[in-house]
Structure formats: C-alpha cells, structure tokens
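Here are the chains, one letter per residue:
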Amino acid sequence: MTEAFDFIVIGGGTAGCVFAARLSENPHHSVLLLEAGPRSSSLWTKIPAGYFKTVFDPKIGWGYATEPEPNLAGRAIPWPRGKLLGGTGAINEMVYVRGQPNDFDEWARQANTGWGYDDVLPYCRKSERNTVLNTPSHGATGPLTVAAYPDTHPLCEAFLAAAVKTGIPRNPDYNGADQFGARYYQITVKNGLRADTLAAFLGQALQRSNLSLRCAATVTRIVIEGTRAVAVQYRQNGRDHRIKVNAEVVFAAGAVN
Ligand SMILES: Cc1cc2nc3c(=O)[nH]c(=O)nc-3n(C[C@H](O)[C@H](O)[C@H](O)COP(=O)(O)OP(=O)(O)OC[C@H]3O[C@@H](n4cnc5c(N)ncnc54)[C@H](O)[C@@H]3O)c2cc1C
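Residues numbered from 1 in each chain as written. Predicted model: local features only at pLDDT ≥ 70, side-chain atom pairs only at ≥ 80, totals over all residues. Heavy atoms only, no water.

Caption draft 1: Region of the structure containing the sheet that holds strand E11 (residues 239–251). In space, the 6 strands of this open sheet follow the order E8-E2-E1-E11-E10-E9, with mixed pairing throughout. At either margin of the open sheet sits one strand with a lone partner, and together these are strand E8 (211–214) and strand E9 (218–225). Taking each pair of neighbouring strands and ignoring which way they run, the sheet shows an average axis angle of 40°. Bridge analysis of strand E10 (residues 228–236) against E11 gives 6 bridges, and the strand direction is antiparallel. Bridge pairing in E11 links Ala-231 to Lys-244. Along the sheet face, helix H1 (residues 14–23) touches strand E1 (4–10), strand E2 (31–34), E8 and E11 and points at about 155° away from the line of E1. (Pairing = 2+ DSSP bridges. Helix = DSSP H or I, 4+ residues; strand = E, 2+ residues; numbered from the N terminus. Axes fitted to C-alpha atoms, helices over the stretch in contact; angles between N-to-C directions. Contact = heavy atoms within 4.5 Å.)

Given below as structure tokens:
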C-alpha cells in the first residue's frame, strides 16, 4: 500500500461529483474519486428524453428491486439506482426540488445543528445558476443551471387552472418560502442537455492535477484503525487495491448502497 490521498470520495454520483469538485478547489488537497460504474459516453445520458432509455439499462444501473410485495399481488417493484459516473443524477428526471423549508427546520430542531433552512440556503444559492428566478431564495452565479420548463401545453395549462379552481394556489416558486401550490417544474437542463452534477461540477474539476478519478472501481472496504478510517479497498478489473487516506473518507455511495 504505497498510494495515498488526502481525501477519498466513494461514489461518483450526484453528491460525490460535488464533493470531489469542491474538495479539489484547494490545490493543496489530493483527492481520489472512486466510482463503481463506467464513464458513459452515451448521448442518452445527456439528452433529457434519454431517461426513458437509461433508467432500466442494466449496463449503467444496479438493477435493484424490492422484495415481492404481498399487498401488490406479489410484484417486485423496480428501484433504479445509477451505476455510472454521475450516478442516479445521470438517469433521473432533472426536476429541481430543494425541499420544504420547515422540514429542514424540523431536522435542526431534532439536534441536527447546521441543517436548518437558513443554514443550508447559502449553499443552495452558491451551487445554483437560476436562469429565470431572481429572488433571495435563488443563486445566479453557481455552476448548476436551473431553468424554467421550456414548453407550456394547453393540457398542462388546463391542469393548473383546475388546481386553482379546487383551491390549490398557483405557486410562482415552489423552491421559495413554501412548496404548496401548482406550477411547472424547474429543471436542471442547460442548452437542451442534462445539467447533472457531473456536467456542472466534476467536468471542469477533472482538469485539475490534484483530482484523480477511477471508474469501474468498486469499493469493498473502509479500513478502520481504532476510531479512524485509514484506508479504502476497491476492486477493479478483478484486482484488489488498497489506498491510504491522510484526512477523510467521504462516503457518497447513495442511500441504498
Ligand atoms: C428514476 C428516478 C428519477 C428521479 N428523478 C429525480 C428528479 O427529477 N429530481 C430529483 O431531485 N431527484 C430525482 N431522483 C432522485 C435523485 O436522482 C437521487 O436522490 C440522487 O441522485 C441521489 O444522489 P446520491 O449522490 O445520494 O446517490 P447516487 O447519485 O446514486 O450516487 C451514488 C454513486 O455511488 C456509486 N457507488 C455505489 N456503491 C459503490 C461502491 N461500493 N464503490 C464505488 N462506487 C459506488 C454508484 O454507482 C453511484 O454512482 C430520481 C431518482 C430516480 C431513480
């Protein structure tokens, strides 16, 4: 075990791409990003409508499903998770939804210091380049493009009008003070292409000499000595590798893994 990095990020998905990019902004940090899946060059992961082709593609997904559900006539329900650089963010539906402010505040109230809405809002703003909404809730200069849904449609308009008729207000911004209401989606799409965190954050960062990326590299173990994570073990092309970590291991392998 000779190789060592300051930070090892496990999982090159939505979160991992951001961690690797932000940590390597400091040229004194050496950062390694390990991703179990491939780096896809398929256009289907870039074209928004390609989602219909990629979401169940076994070459870039973990292929998970629930146990057969007795209350669903024994059916097993597919549970897609991306297994490629970009992670589930490279196969998802690109809708930008931050979460309800009082959910964050409730987490903070339950002793999760730093997770209140006022705590996380500066980070949301920092990451966001909103092309339409110019309010204190939104950022305009970050790397992640958030755009308005490009088309209106008579059926969508009728649906929204029906919502209003039943007492659900038309909400000008469900990522603002309150999610309640009906509105077209805000989407992470730039120039007609998927603007996931791979494109928005990692793409540029990969040019830095202090950031290394290994794909098709499945982490099998975090080596703990006492109370410290000191190394990470991964398997690539049938061979096991062990890499020392000087500072921290960032575990961003997704909620399921
Ligand atoms: C069909 C679908 C549609 C969705 N639509 C939306 C939407 O419109 N808007 C929205 O906000 N959210 C949406 N989501 C949810 C969103 O995509 C996920 O919440 C988000 O991508 C999770 O990010 P993550 O970083 O936690 O995990 P992931 O993006 O899944 O990243 C985890 C990464 O870790 C890798 N990994 C796992 N295990 C290992 C290992 N042992 N070694 C190395 N690497 C490993 C995986 O291959 C993966 O690349 C959708 C999800 C799905 C499935």
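Let us keep going from here.
Caption draft 2: Examining the site of the ligand more closely. Around the ligand there are 29 residues in total, and Thr-14, Ala-15, Glu-35, Thr-88 and Val-95 lie nearest to it. At 3.4 Å from an oxygen atom of the ligand is found a main-chain nitrogen or oxygen belonging to Gly-82. Between a nitrogen atom of the ligand and a main-chain N or O atom of Glu-93, the distance comes to 3.1 Å. In the complex, 78% of the free accessible area of the ligand, which totals 1,000 Å², lies under the protein chains. When each cavity is represented as a set of grid points, the ligand is found to reside in the second largest pocket. Looking at the shell around the ligand, the elements that each hand over two or more residues are H1 and E9. In terms of residue class, the shell around the ligand is built from 14 nonpolar, 11 polar and 4 charged. (Near = heavy atom within 4 Å. Polar contact = N/O pair within 3.5 Å; in protein donor to acceptor, adjacent residues only side chain to side chain. Areas by Shrake-Rupley, 256 points an atom, 1.4 Å probe, with all protein chains shown as cover. 1 Å grid on protein atoms, 1.4 Å probe; cavity = no way out; pocket = protein on both sides within 12 Å on 5 of 7 lines; lining within 4 Å. Sits in = over half its atoms within 2 Å of the grid points. Nonpolar A, V, L, I, M, F, W, Y, C, P; charged D, E, K, R; others polar.)

Caption draft 3: Examining the side chain of Asp-173 more closely. For Asp-173, the position within the fold is in the loop between helix H5 (154–165) and strand E5 (186–187). One polar contact links Asp-173 to His-138, side chain to side chain, over a distance of 2.7 Å. When residues no more than four places from it in sequence are discounted, the contact partners of Asp-173 are Leu-133, Thr-135, Ser-137, His-138, Asp-178, Arg-183 and Gln-186.

Caption draft 4: Expanded view of the layout of surface pockets. Roughly 1,200 Å³ of internal volume is contained in the largest pocket. Every residue lining the largest pocket is counted, 27 residues in all, and those nearest its centre are Thr-14, Val-18, Tyr-123, Cys-124 and Ser-127. The class makeup of the residues in the lining of the largest pocket is 16 nonpolar, 6 polar and 5 charged. What lines the second largest pocket is a set of 27 residues, and nearest its centre among them are Gly-11, Ala-252, Ala-253, Gly-254 and Asn-257. Sort the elements by how many residues they give to the lining of the second largest pocket and H1 lands first, with 3 residues. Within the lining of the second largest pocket, the residues separate by chemical class into 13 nonpolar, 12 polar and 2 charged. (Points joined across faces, edges and corners; volume = space filled by probe spheres on them.)

Caption draft 5: View of the side chain of Asn-171. As for its placement among the helices and strands, Asn-171 is situated in the loop between H5 and E5. The class for Asn-171 is buried, based on a relative accessible area of 10%. Reaching out from Asn-171, the side chain makes a polar contact with the backbone nitrogen of Asp-173 at a distance of 2.8 Å. Ignoring anything within four residues of it in the chain, the contact list for Asn-171 reads Asp-178, Gln-179, Phe-180, Gly-181, Ala-182 and Arg-183. (Buried < 20%, exposed > 50% of the residue type's maximum accessible area, 1.4 Å probe, protein only.)

Caption draft 6: View of the nonpolar core. Ranked by internal contacts, the top residues of the largest apolar core, which has 20 residues, are Val-31 and Leu-202. Among the elements of the structure, E1, H1, E2, strand E4 (144–148) and helix H6 (197–205) are those that each provide at least two residues to this core. At 5 residues, H6 tops the list of elements feeding residues into this core. In this structure Leu-202 touches Cys-17, Ala-20, Ala-21, Leu-33, Leu-85, Thr-197 and Leu-211, once residues within four positions along its chain are discounted. Membership of the second largest hydrophobic core comes to 10 residues, among which are Phe-5, Ile-8, Val-232 and Ile-243. (Core = buried A, V, L, I, M, F, W, Y, C linked by side-chain atoms within 4.5 Å.)

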